[in-house]
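These are the residues of each chain, in order.
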Amino acid sequence: MKEVTHEWIEHAENDFSAAEQLFESKKRSLNEIVCFHCQQCIEKYLKGLLIEHEIYFEKTHILDRLLNLLLPVLPDLELHRKALNELSNYASETRYFVKY
């Protein structure tokens with residue numbers, strides 16, 4: 001495994017750990033933050049896979065786009081498309097709100 005892939009996995013695991021801890025607190029008000037960390041975890045795992053397979057990707061938080069790049073080498077990931085699309089709703093862009 002490439003060192004940079006390992007780094008992406010380590011960051012993904014940190015997001016997963018944060019999501020677990022927040023979820024275990026059982027505070028409903030934190031559910032959106034739990035989902036954000038889950039989205040970040042999966043995004044980093046997908047990017048790690050792309051790097052490991054030497055597949056170029058542009059900056060994006062949309063999991064569907066990352067999935068599409070991986071399908072030629074990992075076609076079984078297609079089974080997760082629906083869940084990934086749901087998680088994309090919690091990407092970084094949705095964490096910023098402007099009130100007028």
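Anything mentioned here points back to the structure above.
Colleague: Mind showing me how you'd approach the overall build of the chain here?
Modeller: From N to C terminus, the chain includes four helices and zero strands. Along the chain, helices (α) and strands (β) appear in the sequence α-α-α-α when read from the amino end. Projected onto its principal axes, the C-alpha coordinates of the chain cover approximately 40 × 30 × 25 Å. Of all 100 residues assigned to the chain, the portion counted as buried reaches 33%. In the form shown here, the chain has an accessible surface area of approximately 7,100 Å², with 57% of it arising from carbon and sulfur atoms. With 12 positive and 17 negative side-chain charges, the chain shows a spacing of 10 Å between the two charge centroids.

Colleague: When you look at the pattern of salt bridges in this model, what are you seeing that I'm missing?
Modeller: Here the idea is simple: oppositely charged side chains can pair when their charged atoms come close. The full count for this structure, using the stated rule, is five salt bridges. One salt bridge connects Lys 44 with Asp 15, and the closest N-O pair in it is separated by 2.4 Å. Of this pair, Lys 44 sits in helix H2 (residues 31–52) while Asp 15 is found in helix H1 (residues 3–24), placing the two residues 29 residues apart along the sequence. Residues Lys 44 and Asp 15 agree in their burial class; the two are buried. In this structure, the salt-bridge partner of Glu 43 is Lys 47, at a minimum N-O distance of 2.7 Å. Within this pair, Glu 43 and its partner Lys 47 are both found in helix H2, separated by four residues, close to a single helical turn. Lys 47 carries the same exposure label as Glu 43, and that label is buried. Here the salt bridges do not stand alone but share partners, grouping Asp 64, Glu 78 and Arg 81 into one network.

Colleague: Explain the environment of Asn 89 here, please?
Modeller: Of note, Asn 89 is situated in the segment after helix H4 (81–88). Its relative accessible area of 46% is what places Asn 89 among the partly exposed residues. For the pair formed by Asn 89 and Phe 36, sequence separation is 53 residues and the distance between their alpha carbons is 8.6 Å.

Cut-offs and rules
Residues numbered from 1 in each chain as written. Predicted model: local features only at pLDDT ≥ 70, side-chain atom pairs only at ≥ 80, totals over all residues. Heavy atoms only, no water. Helix = DSSP H or I, 4+ residues; strand = E, 2+ residues; numbered from the N terminus. Buried < 20%, exposed > 50% of the residue type's maximum accessible area, 1.4 Å probe, protein only. Areas by Shrake-Rupley, 256 points an atom, 1.4 Å probe, with all protein chains shown as cover. Lys, Arg positive; Asp, Glu negative; His and termini not counted. Charge placed at Lys NZ, Arg CZ, Asp CG, Glu CD. Salt bridge = Lys/Arg side-chain N within 4 Å of Asp/Glu carboxyl O.

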